[in-house]
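Breakdown of the fold
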Amino acid sequence: MNTETFEISENKVIIKLNERICETPGEVLASPLFRAVLERVIDKLVRRDSFLAGIFERRPVAGETVALFIKTLGALVHTPVQSAGQVVPGAGQFLKDPALFNEFIEYVYNYWRSFDRFLIANDHGQDWDQKPYRTFNATIGQLTGLIRGMYRDIQENVTGIHPRIYRQVAAGAEVSSITALKEVQFPAPVYEKLNAVPVIRQILIYPPLILNPPMNKRTGKFERVQKNPLELFDFNPGEWLCYPAKVGSLIILVYFHNRFSELGHSLCNLFEMAEDEDLARKPDGVYAFGVPGGALDGFGAFPTVFYDDEKNGVLVGAVPGRNEFGYFGYLKKMVLTLHNIIMMKRGKLPFHGAFVRILLKGGQDVKVLFVGDTGAGKSETLEALREFGETSIQDLIVIADDMGSLEIRREGVVGYGTETGAFLRLDDLPPGYALGQIDRAIIMSPNQVNARIILPVTTFANVIKGHPVDFILYANNYEDIDEDHPVMEFFPNPEQALGVFREGTVMSKGTTTTTGIVHNYFANVFGPVQYRDLHEALARKFFQAFFKHNIPVGQIRTRLGLAGWERNGPREASRELLDLIQKSSR
């Protein structure tokens, strides 16, 4: 490329643009990035002794040979294969078998597209983020068209055939972001080094974006430590980016290492991006995701940790930059852990669950909170409800898909969300659901157990408005249905309700490394466990308020964890729920 640097690591390419992108085929072919990719291809094919390497007469394929090959490609962009050997002396050695040459070009093109490709446009005072559409059009759009056009021109000049079918694949970058340096008002010197890390201000993605991160499960919980992790390492600004996340009413700055670029950029489908005015105030939390080396090893064998900087009013999370932590769940759940702790400190009760507003035809408006652990069937039941309620439900509005908080007011209890997106298991969604949403989706590990999809499901206005709670249901995925265990039942008093919620029982679905029946305090290891005394006092206060304000509290048996009921369990639960809502609205 032109005025930029790049990094190739494992399955990703990161291009950092400082001024302008390549504008001609010649500039692409002359770029260090193109040569690096080509050399990787040649090395791979030679080591494998592939027949495609047969276009090179001698071994090893030295630097001069690679340079001559690139010149040959430059000629083939404009010249038919019959003339290219005359235009570039020595090019004939590559063109003895045009069909083989064509297959080699196809392999190079597909090899390039096999990478997760990111383009980072560094603002440097150019006000790119003030005209993001023009910037994206002049970078990611131009690069895509240029590379795709080169590939087609070379193939046509080699084969002499004009294709009749054209596929507009994303041949350039799949993700592009505009970044800028921002002077965040941090409360202490230890945080000021973070201001050297560029902050993402705009993101463009080409969905469906299919990613294969290093890991597809999460294990353990986040441990509170007594030392600020930021004291243990320094940021190399060229290796990090910051995604400024609006997590409900909070601002949490997520700093992610290039090693996990695909995960960090995927936050755009989950959390609203902070505005410039949000960055003008002290953040509520910061999170370093992908800390290099062994900087965190002193915290134990599994150092997924957070520090409560009570003096400065900031929560700090940190996770090592090793492949075992390369799963989106580590990114999302740490952010939500920080949120939950802050909410508890402010007297609000965090919940792990889904909170939805259901508008029935006729004007009735019911808000239902589902509480339950990962894989309990919350999202699946809601999707089934959306399907079954097509004739009676006017709208189903998501307020919280995974985490949120509750606040007691004089008139009742209101709930808030955190995310505008959802991180869902593909296996548990209704058939065809993912395909129906694929034009907005980021899909992770599609060929593995616990394949996931991240997609927008609500607006930030819905998340932070504050909605009165009408029903509270614990999502029970582990018990079958019989005369003594109906699909839905309600508790007669706060103590019985607290017992079930406190036990936090769930049949694990394999989304973490646990299997079978497990118990997590209030189905929420993301804050309440670490601050149990504070949470217990809040829980008693809130459950008493539920009953004082006549909010029904019960449990709904989704049976999602029982073999054979993965689909029909949530469907039957949704039928019962719809019947309950309709009766309550009469």
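These numbers were taken from a predicted model, which means no experiment stands behind them.

What counts as what
- Residues numbered from 1 in each chain as written.
- Predicted model: local features only at pLDDT ≥ 70, side-chain atom pairs only at ≥ 80, totals over all residues.
- Heavy atoms only, no water.
- Helix = DSSP H or I, 4+ residues; strand = E, 2+ residues; numbered from the N terminus.
- Rg over C-alpha atoms; globule rule 2.2 N^0.38 Å.
- Buried < 20%, exposed > 50% of the residue type's maximum accessible area, 1.4 Å probe, protein only.
- Contact = heavy atoms within 4.5 Å.
- Pairing = 2+ DSSP bridges.
- Axes fitted to C-alpha atoms, helices over the stretch in contact; angles between N-to-C directions.
- Parallel < 35°, antiparallel > 145°, perpendicular 65-115°, else oblique.
- Left-handed = near helix turned anticlockwise from the far one by under 90°.
- Nonpolar A, V, L, I, M, F, W, Y, C, P; charged D, E, K, R; others polar.
- Expected span 1.5 Å × (residues − 1).
- Salt bridge = Lys/Arg side-chain N within 4 Å of Asp/Glu carboxyl O.
- Phe/Tyr/Trp six-rings, centres within 6.5 Å; stacked < 30°, edge-to-face > 60°.
- Lys NZ or Arg CZ within 6 Å of the ring centre and 35° of its normal.
- Arc of directions from axis to C-beta.
- Polar contact = N/O pair within 3.5 Å; in protein donor to acceptor, adjacent residues only side chain to side chain.

Here we look at the overall build of the chain
A tally of regular secondary structure across the chain gives 16 helices and 27 strands. For 586 residues, the compact-globule estimate of 2.2 N^0.38 gives 25 Å, and the C-alpha radius of gyration of the chain, at 27 Å, lies within 12% of that figure. Along the three orthogonal principal directions, the C-alpha set of the chain runs to about 90 × 55 × 45 Å. Within the span of the chain, comprising 586 residues, buried residues form 58% of the whole.

Comments concerning the environment of Pro528
With respect to the helices and strands, the residue Pro528 is situated in the loop between β26 (516–519) and α15 (532–548). Assessed through its relative accessible area of 0%, Pro528 is described here as buried. Once the C-alpha coordinates of Pro528 and Phe260 are considered, the two residues, 268 residues apart in sequence, prove to be 28 Å apart. The residues contacting Pro528, other than those within four sequence positions of it, are Met344, Pro350, Tyr521 and His535.

Describing the pairing of strand β11 (residues 285–291)
For a regular strand, side-chain orientation follows a simple rule: the groups alternate between the two sheet faces. Here β11 lies mainly inside the structure; seven of its seven residues are buried. The pairing of strand β9 (residues 250–257) with β11 spans five bridges and is classified as parallel. Residue pairing for β11: Val254 is matched across the bridge by Tyr287.

A look at the pairing of strand β17 (residues 403–409)
Of the pairings in the sheet, the one linking strand β14 (residues 349–360) to β17 comprises four bridges and is antiparallel in character. Each bridged residue has a counterpart across the sheet, and for Leu349 the counterpart in β17 is Leu406. Where β17 and strand β18 (residues 412–417) come together, six bridges link them in antiparallel fashion. The residue of β18 that forms the bridge with Ile408 is Val413.

Here's the deal with the packing of helix α2 (residues 32–48) against helix α3 (residues 63–76)
Packed helix pairs are characterised by how far apart their axes lie and by the angle those axes make with each other. At a closest axis distance of 11 Å, the pairing of α2 and α3 adopts a crossing angle of 115 degrees. Accordingly, the angle class assigned to the pair α2 and α3 is roughly perpendicular. Relative to α3, the crossing made by α2 is right-handed. Only Gly63, Val66, Ala67, Phe69, Ile70 and Leu73 of α3 make contact with α2, whose side of the interface consists of Phe34, Arg35, Leu38, Glu39 and Ile42. By residue class, the composition of the contact of α2 with α3 is eight nonpolar, one polar and two charged.

Concerning unusual backbone geometry
The linkage connecting Arg59 with the following residue, Pro60, adopts the cis geometry, with an omega of -5 degrees. Its location among the elements puts Pro60 in the loop between α2 and α3. Residue Pro208 is bonded to the preceding Pro207 through a cis peptide linkage, with omega at 0 degrees. Residue placement: Pro208 occurs in the loop between β5 (199–205) and β6 (209–211). We note that Ser445 has phi near 50 degrees; this positive angle belongs to a residue other than glycine. Note that Ser445 resides in the loop between β20 (442–444) and β21 (452–456). Looking at Ser445, the relative accessible area reads 2%, which means it is buried. If you check the backbone angles, Arg559 has positive phi at about 60 degrees while not being a glycine.

Focus on α15
The terminal C-alpha atoms of α15 lie 24 Å apart, and with 17 residues this matches the ideal 24 Å at 1.5 Å per residue to within 8%. Restricting attention to buried positions, one finds in α15 the residues His535, Glu536, Leu538, Ala539, Phe542, Phe543, Ala545 and Phe546. Looking one or two residues past α15, Asn550 carries a phi angle of roughly 60 degrees, positive in sign.

A few points about the sheet that holds strand β19 (residues 421–425)
Strand pairing in a sheet relies on backbone hydrogen bonds, with the paired strands running either antiparallel or parallel. Spatial ordering of the open sheet is given by β6-β20-β21-β19, a layout of four strands whose pairing is mixed. Two strands bound the open sheet, and with one partner strand each, they are β6 and β19. Between one strand and the next, the sheet's axes are offset by a mean angle of 20 degrees, whatever the strand orientation. Bridge analysis of β6 against β20 gives three bridges, and the strand direction is parallel. Pairing of Leu209 across the sheet is with Ile442, part of β20.

Details of the pattern of salt bridges
Where charged atoms from two side chains of opposite charge come close, those side chains can pair. Within this structure, the stated rule accounts for 33 salt bridges. For the salt bridge of Arg47 with Asp43, the shortest nitrogen-to-oxygen distance reads 2.9 Å. A residue pair is termed a helical-turn pair when its members lie 3 or 4 positions apart in one helix, as Arg47 and Asp43 do in helix α2 at four residues. Overall, the relative accessible area of 62% leaves Arg47 in the exposed class. When the shortest N-O distance is used, the salt bridge between Glu387 and Arg571 registers 3.5 Å. One end of the pair, Glu387, is in helix α11 (residues 378–388); the other, Arg571, is in helix α16 (residues 568–584), and 184 residues separate them in sequence. Looking at Glu387, the relative accessible area reads 41%, which means it is partly exposed. For Arg571, a relative accessible area of 28% corresponds to the partly exposed category. Among the charged side chains, a network of salt bridges with common partners joins Arg224, Asp308, Glu310 and Lys345.

Considering the packing of aromatic side chains
This model, assessed by the stated rule, comprises 30 aromatic pairs. Summarising the aromatic geometry, the rings of Phe471 and Phe490 are spaced 6.4 Å apart at their centres and angled 50 degrees between planes, so their arrangement reads as tilted. One end of the pair, Phe471, is in strand β23 (residues 471–476); the other, Phe490, is in strand β24 (residues 488–490), and 19 residues separate them in sequence. Joined through ring pairs, the aromatic side chains of Phe302, Phe325, Tyr327, Phe328, Tyr330 and Phe423 make up one cluster. Stacked on the ring of Tyr416, the Lys or Arg Lys348 has its end atom at 4.7 Å from the ring centre.

Looking at the environment of Asn550
Along the chain, the position of Asn550 falls in the loop between α15 and β27 (553–557). Along the backbone, Asn550 and Leu406 are 144 residues apart, and their C-alpha atoms lie at a distance of 16 Å.

Considering the side chain of Ser574
With respect to the helices and strands, the residue Ser574 is situated in helix α16. What makes Ser574 buried here is its relative accessible area of 0%. Setting aside residues up to four positions removed in sequence, Ser574 forms contacts with Thr381, Ala384, Leu385 and Phe388.

Details of helix α14 (residues 494–503)
Considered for burial, the residues of α14 that qualify are Ala497, Leu498 and Phe501. The arc that holds every buried residue of α14, seen down its axis, measures 100 degrees, which confines them to one face. Taken together, the buried residues of α14 touch β15 (365–371), β23, α15 and β27. Where α14 starts, the residue carrying a side-chain oxygen 3.2 Å from the main-chain nitrogen of Glu495 turns out to be Asn493. Downstream of α14 by a residue or two, Gly504 has a phi angle that is positive, lying close to 60 degrees.

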